Amino acid sequence: MLLEARDDDETTVFKAAAASVQVLVEPVGRWFEAYIRRRSRNVSASFQELEEEEESSEESEDEELQLEEHPMLRTLDPKDWKNQDHYAVLGLPHLRYKATQKQIKAAHKSIVLKHHPDKRKAAGEQIVEGDNDYFTCITKAIEILSDPVKRRAFDSVDPTFDNSVPSKSEGKESFFEVFAPVFERNARWSSKKHGPSLGTMDSSFEEVDNFYSFWYNFDSWREFSYLDEEEKEKAECRDERRWIEKQNRASRAQRKKEEMNRIRTLVDTAYSCDPRIKKFKEEEKARKEAEKKAKAEAKKKEQEEKERVRQAELEAARLAKEKEEEEARQAAQQAKKEKEIQKKAIKKERQKLRTTCKNWNYFADSEADSVKMMEEVEKLCDRLELTSLQSLNEILASASKEDSKAAVEKQVEEVNAQLQKEKDAEVQARQAARSAEQASGGGGGGKGWNEDDLQLLIKAVNLFPAGTNARWEVIANYMNLHSTSGMKRTAKDVINKAKNLQKLDPLQKDEINRKAYEKFKKEHTSVPPSIDNALPSERFDGSDGNAAPWTTEEQKLLEQALKTYPVNTPERWEKIADAVPERSKKDCMKRYKELVEMVKAKKAAQEQVAAKNKK
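Residues numbered from 1 in each chain as written. Predicted model: local features only at pLDDT ≥ 70, side-chain atom pairs only at ≥ 80, totals over all residues. Heavy atoms only, no water.

Novice: Help me understand a nonpolar patch on the surface, please; the structure alone is not making it clear to me.
Specialist: On the surface, a nonpolar cluster with roughly 340 Å² of combined accessible area is contributed by V21, V23 and V25. Within the secondary structure, V23 sits in the segment before helix 1 (30-41). (Patch = residues over 30% accessible without salt bridge, like charges linked within 9 Å, V, L, I, M, F, W, Y side chains within 5 Å. Areas by Shrake-Rupley, 256 points an atom, 1.4 Å probe, with all protein chains shown as cover. Salt bridge = Lys/Arg side-chain N within 4 Å of Asp/Glu carboxyl O. Helix = DSSP H or I, 4+ residues; strand = E, 2+ residues; numbered from the N terminus.)

Novice: Looking at this structure, how should I read unusual backbone geometry?
Specialist: Among all residues save glycine, negative phi is the norm, and among peptide bonds the norm is trans. Of note, the phi angle at A470 is positive, near 50°, even though the residue is not glycine. The residue A470 is located in the loop between helix 16 (451-463) and helix 17 (471-482) in this model. Since its relative accessible area comes to 21%, A470 is described here as partly exposed. We note that E571 has phi near 50°; this positive angle belongs to a residue other than glycine. On the basis of relative accessible area, E571 is assigned to the exposed category, the value being 59%. (Buried < 20%, exposed > 50% of the residue type's maximum accessible area, 1.4 Å probe, protein only.)

Novice: Explain the environment of S400 to me, please; I cannot follow it from the model alone.
Specialist: Within the secondary structure, S400 sits in the loop between helix 14 (386-398) and helix 15 (401-440). Each C-alpha atom, one on S400 and one on W360, is 9.9 Å from the other, the two residues being 40 residues apart in sequence.

Novice: Explain the packing of helix 10 (residues 205-216) against helix 11 (residues 238-273) to me, please; I cannot follow it from the model alone.
Specialist: A pair of packed helices can be characterised by two numbers: the angle between their axes and the separation between those axes. Interhelical geometry of helix 10 versus helix 11 gives an angle of 155° and a closest axis separation of 10 Å. Between helix 10 and helix 11, the crossing angle belongs to the class labelled roughly antiparallel. Seen along the crossing, helix 10 lies across helix 11 with a hand that is left-handed. Across the interface between the two elements, Y212, W215 and Y216 from helix 10 touch I263, R264, V267, D268, A270 and Y271 from helix 11. (Axes fitted to C-alpha atoms, helices over the stretch in contact; angles between N-to-C directions. Parallel < 35°, antiparallel > 145°, perpendicular 65-115°, else oblique. Left-handed = near helix turned anticlockwise from the far one by under 90°. Contact = heavy atoms within 4.5 Å.)

Novice: Just to check I follow, could you spell out the environment of S404 for this structure?
Specialist: Tracing the sequence through the fold places S404 in helix 15. For S404 and L392, which are twelve residues apart along the polypeptide, the C-alpha to C-alpha distance reads 8.7 Å. Discounting chain neighbours no more than four positions away, the residues touching S404 are W360, F363, I395, L396 and A399.

As structure tokens, then:
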């Protein structure tokens, strides 16, 4: 670090600095090795220092190492060395997997000094020759425990390890006291050191979730190669060695699967018994209920606000409508008043005109001329407007008889000319309609329509209203069945004639209806004398019946009665008439006949339409 220059010092440049050069440096040394070790194990420098402190403490403990000699050491069978407890053989049953290599070597050294065959032989003890001596067990123990791979295999099947899993009943009674030591005991198999602890009842959701995530994704280093039944070194050939390896792999995989199932059962049991999980679920349920309630309240407030706005809009619309209705009512009253005033004024002017003309004896000398002029005056009263009547009355009031007569006659001529013009226009329009009818009518459409056919067409149009399937074909078929003229009508003929009837002026329509009524009255009132005294038949007995059209309710009652009383029912039509109020037996029979005809006509028209479609 450069020192700060003082105020009285001078700075002098001796030589220009060299340019920077990039140099590749290969990291080596024990510090780099420690860094690599920490990175591979995913631990910090502080954790590395902690481990070094633990190792130093272990070294200090090695000085005070106390061995527990195996009580049955001398009776061990060297041939059964695989089933022996190697830690107990070396006097380290209290340390087991926690024992360091230094402690293992120290224990081995101590027990060798005591149980070596040369030592015992020098002491006068009988020694078994070869590998049958129990000292072979000590040799196998140090051979297993001094090799990290073999020791790991032996630790995986530690005979003193408790593999049991607590039951749900035990966990529910005292969860933390039962499961905490079990998880601590099984944590030794984790590939990751320093896993999360079970915690307490006050642990947060994140801590509990981290704990169960760790155990549900538990990575165990435990392997079961120590329990291999066959040793491949004893194989006599390559095929046998491969077969032994295959058998060993299968047994290891099976034991590994059982081990993972045991861990999963442990975690599932703990999760189901954990009171914190139940508490978290209740809290989550309460939170969701609160959110749901808040959402419902917000929605309710929103609906209430919308309803309030809607009611306000409805109230405003109602007030506006009432205002418009009030304005319209006042305008109507005003118009009515003006109309009444105008009506009274017209009535007054008409009366004035009649009185003036009457006083002048209608400007005629004879009775016939007086009557004729009276009709003309009435025509003027009907046709002239208020201003024209006022002008005419002013002239009559101030003029002489001759001048008044001339004014009235002039006005009569104008009115008659206007009437003649209107009449000529009507005649021309009627002629144009007839010409159009003749030009558009084809076959039987433009000619051959007598009064009976027109009345039959009107009846068919009423019988088959708009919406009937293939309506105009049905109407044409109905007319062909009931027409007396013998003319065959098509749907196009019927449509053209119906349109022409709609175009007729009201006077001509009234004339057609009047003739039809006269014909109906003539047919139903002119009865031959030979049957005046005849008794009414069963089909048309009783009064003339109700001529009012059938309503929908009466039609439904009639249809229901027809279903209720079939053809073979005695006095069938009397019972049907009783079921339909306001209708007699004759009315019901007539209506039934009309329905039958309508159905037949519809079927025939539909058959014709289907035949045309096939063609």
